[in-house]
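Tertiary structure, described
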Amino acid sequence: MRRVGRDVMSNRNWIILALLAVTMTAVAQQPASAPQNPQPATAAPGQTAAQPSAAPSGQAQSDQSQSPQAQANLAPPTTMDQVVDRVIMREKELIKFLSPRTPIVETYLQNLTQDPQLGPIPQDDHYFLGRMDLSDSIDRSDYLQEKGKGEGEGMEKRLLGGLTKKFKFQYQPLGFSWMIFADRNDFDRQHYNFHYARREFLGDVRCLVFDLTPKKDAGHGRFLGRIWIEDQDFNIVRLNGTYAHASRNSYYYHMDSWRLNLIPGYWVPAYIYSEEGDFTAGAKNKIAFKAQTRMWGYNLKAGTPNDELTNIRVDSVKDDTPTAQDATPLAAEREWQQQAEDNVLERLERAGLLAPAGDVDKILQTVVNNIEITNNIELPRPVRTRVLTTSPLETFSVGNTIVVSRGLIDVLPDEGSLAMVLSHELAHIVLGHNLGSQFAFSDRMLFSDEGTYQNLGFKHIPEEEAAADKKAVEMLKASPYAQKLDSAGLFIKALQKRAPQLSALLQAHLGNNITENGTVTRMAQLANSAPALDWNKLDQIAALPLGGRVKLNPWDDRVEIVKAQPVAITSARDKMPFEVTPFFPRLSRYSAVSTPAATTAAAPTATATTADANPAPTN
Ligand SMILES: [Zn+2]
């Protein structure tokens, strides 16, 4: 049976807490702390070119990290000019390689205002989500319904990376994703000057650094800034700068663009950080924002539902019950719900909105199990958990699966607050608030990826929301998290404090909103018993910045928990609750990146803590 003594449970809880604590504290400090390992240039430019890397020969380096077409007949460059030629060639190959792909692109932007105590803090926010078509030019189609489309779209294309002065800083989503390439069409010597600057390590990867300036007559919207080239195959791994020669009505953002070596031979664009704003005394520039753009879903099938013909799962039609009979009415109802659940999860995953089942789910499931065991909850089917790949803070459940967004997991300060989030959805399941049975009809899964938010939805009526909150609090109080609810309450308070400025981050797209009109409604009761919120108390971490906890693989959409060393908070400004920060991924070459198999192998530490307490569901 799944019954466990309370004292045993709390010990176990302690272990689980320790596991999460690794990522719990000061993820906020990533930007300030993450060193880029600057390496003093040890070689003069000429030397570097003569022996561009420690790479021994074309042969030795080619096995893992070089693309098949690149390795053929290419001797290592011996002059800086040859290096530049190779960089240009590799960039064109990347553009070609990515041209049939339509990755997801998400931009989350916070406009900033100066707080005398906390420094620049969010004033309001914007959210964009779409698929990017990399075929001929760069274009995108949005998952979110936009007002006044049409004209804006043409504007978007013309402006490249800009925003218009005319339209009062109307942000163009395409602008933020433009810098996945330095120059889509004209990345060559005719349009650019390449100046070698130095060598530098980015993470584990030794790079050659070049400054790029557009030639005089190169025209508007040319890249101006710095590029980092890994020194084995000469792929661009980072671009940092802006675009030059803005036309009269436009303005170009500054951007820092990172690529990851997720497949052999190619470094695919993954993150772009943009920031504008000058908060020095007397500064005139009124634009102040910071924005994170993420790309993922490169490996998604871009095609039609017909693609699925190659993908039929034979096991789904097999009936292995010993006495095959017609289902009883209740059994039929449950099977129907499971069919709907499977349909929805599969469709979301295909649209790039749901991460494949993996290690993060196991951590979430551990927390759910802890609540279930201590409340003696027995469900006909085990509760599963999955992660939405998107940033907005939301949860929903479909059938017996609880879905939590990446952004929400990011900002939760600890396991107690995670338990709070999960308990609400678990309560819906326990109370039988089933939504989504209409999706057992297959025709309802036939829509374009961009139509996902219009075709799927799992919002409960207010009465069910209230009932779920009540049940959730009840379950938490009987759970190992009963003594850990202060942090959950503090999280609610921090959210309440920031909610009016973060309406885009708090706009749920599939489930219920956590706030209504700037007021936290979900689990609000827990705030009553929590201590006072005090930004100046450095050991009180009520909420984390975005992006510090969950790492999303842009190629295959897998998620994992970031294993970063905590960094000490030294001032209230270090906390940055719910805020976006710059990216500083630790770059490594493909062979050094842990494969999915390796991360799965590492995971059981999380599940092992409960494995003996509970016959945990395996999936
Ligand atoms: Zn709910």
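Residues numbered from 1 in each chain as written. Predicted model: local features only at pLDDT ≥ 70, side-chain atom pairs only at ≥ 80, totals over all residues. Heavy atoms only, no water.

**Description of the packing of aromatic side chains**
- Applying the stated criterion across every chain yields a total of 14 aromatic pairs.
- Ring geometry for Phe-187 versus Phe-194: centroids 5.7 Å apart, planes at 75 degrees, classification edge-to-face.
- Classification of Phe-187 as buried rests on a relative accessible area of 1%.
- Given the relative accessible area of 17%, Phe-194 is considered buried.
- Between Tyr-271 and Phe-583, the aromatic rings sit 4.6 Å apart at their centres with planes inclined by 20 degrees, giving stacked as the arrangement. Taken together, the residues span a long stretch of sequence, with Tyr-271 in strand β11 (residues 266-276) and Phe-583 in the loop between β19 (559-561) and α16 (596-602) at a distance of 312 residues. (Phe/Tyr/Trp six-rings, centres within 6.5 Å; stacked < 30°, edge-to-face > 60°. Buried < 20%, exposed > 50% of the residue type's maximum accessible area, 1.4 Å probe, protein only. Helix = DSSP H or I, 4+ residues; strand = E, 2+ residues; numbered from the N terminus.)

**Some words on the environment of Asn-455**
- Along the polypeptide, Asn-455 turns up in helix α13 (residues 452-455).
- Distance from Asn-455 to Phe-439, taken between C-alpha atoms, is 9.8 Å for residues 16 residues apart in sequence.
- When sequence neighbours within four positions are dropped, the list of residues in contact with Asn-455 reads Phe-439 and Phe-447.
- Within the structure, Asn-455 has its side chain in polar contact with the backbone oxygen of Gly-451 (distance 2.8 Å). (Contact = heavy atoms within 4.5 Å. Polar contact = N/O pair within 3.5 Å; in protein donor to acceptor, adjacent residues only side chain to side chain.)

**A short note on the coordination of the zinc ion**
- Here the zinc ion is held by His-424 (NE2), His-428 (NE2) and Glu-465 (OE), and the distances to it run 2.0 to 2.1 Å.
- Sequence spacing of the donor residues for the zinc ion, all on one chain, is H-x3-H-x36-E. Linking His-428 in helix α12 (residues 415-430) with Glu-465 in helix α14 (residues 462-477), this pair joins segments that are 37 residues apart in sequence.
- Residue classification places Glu-465 among the buried residues on the basis of a relative accessible area of 14%. (Donors = N, O, S within 2.8 Å, 3.2 Å for Na, K, Ca; no water.)

**Describing helix α15 (residues 485-498)**
- An ideal rise of 1.5 Å per residue puts 20 Å on 14 residues; α15 measures up with 20 Å between its terminal C-alpha atoms.
- Across the 14 residues of α15, 10 count as buried, placing the element largely inside the fold.
- Restricting attention to buried positions, one finds in α15 the residues Leu-485, Ser-487, Ala-488, Gly-489, Leu-490, Phe-491, Ile-492, Ala-494, Leu-495 and Arg-498.
- For α15, the secondary structure elements touched by its buried residues are β2 (119-133), α11 (406-411), α12, α14 and β17 (519-520). (Expected span 1.5 Å × (residues − 1).)

**Notes on helix α9 (residues 329-350)**
- For α9, with 22 residues, the first-to-last C-alpha span of 32 Å sits near the 32 Å given by 1.5 Å per residue.
- Looking only at α9, the buried set comprises Gln-337, Ala-340, Glu-341, Asn-343, Val-344, Leu-345, Arg-347 and Leu-348.
- The elements touched by buried residues of α9 are β13 (384-388), β14 (395-398), β15 (401-405) and α13.
- In the stretch just after α9, Gly-352 is the one whose phi turns positive, near 80 degrees.

**Focus: the sheet that holds β14**
- Strand order in the open sheet formed by 3 strands is β13-β15-β14, with mixed pairing between adjacent strands. The open sheet terminates on both sides in strands that have one partner only, identified here as β13 and β14. Strand-to-strand twist of the sheet, defined as the mean angle between neighbouring strand axes without regard to direction, takes the value 25 degrees.
- Pairing analysis gives 4 bridges linking β14 to β15, with the strands arranged antiparallel. Paired with Phe-396 across the two strands is Val-403, which belongs to β15. (Pairing = 2+ DSSP bridges. Axes fitted to C-alpha atoms, helices over the stretch in contact; angles between N-to-C directions.)

**Here we look at the pattern of salt bridges**
- Evaluation of the coordinates by the stated rule reveals 28 salt bridges.
- Between Glu-341 and Arg-384 there is a salt bridge; the shortest N-O distance is 2.7 Å. Placement of Glu-341 in helix α9 and of Arg-384 in strand β13 is noted, with a sequence separation of 43 residues between them.
- A relative accessible area of 0% means that Glu-341 is categorised as buried.
- Where Asp-359 meets Lys-362, a salt bridge forms, and the shortest distance between an N and an O atom there is 3.6 Å. Of this pair, Asp-359 and Lys-362 are both found in helix α10 (residues 359-374), 3 residues apart, which corresponds to roughly one turn of the helix.
- On the accessibility criterion, Lys-362 (25% relative accessible area) is partly exposed. (Salt bridge = Lys/Arg side-chain N within 4 Å of Asp/Glu carboxyl O.)

**Digging into the pairing of strand β12 (residues 289-296)**
- In terms of burial, β12 is largely enclosed, as 8 of its 8 residues are buried.
- Burial along β12 is two-sided: Phe-289, Ala-291, Thr-293 and Met-295 and Lys-290, Gln-292, Arg-294 and Trp-296, pointing in opposite directions, are all buried.
- In this sheet, β12 lies alongside strand β1 (residues 104-115) in antiparallel orientation, the contact comprising 8 bridges. Bridging across to β12, Glu-106 finds its partner in Arg-294.
- As paired strands, β11 and β12 are joined by 6 bridges and run antiparallel to one another. Among the inter-strand pairings, Tyr-271 is bridged to a residue of β12, identified as Arg-294.

Geometry only, nothing functional implied.
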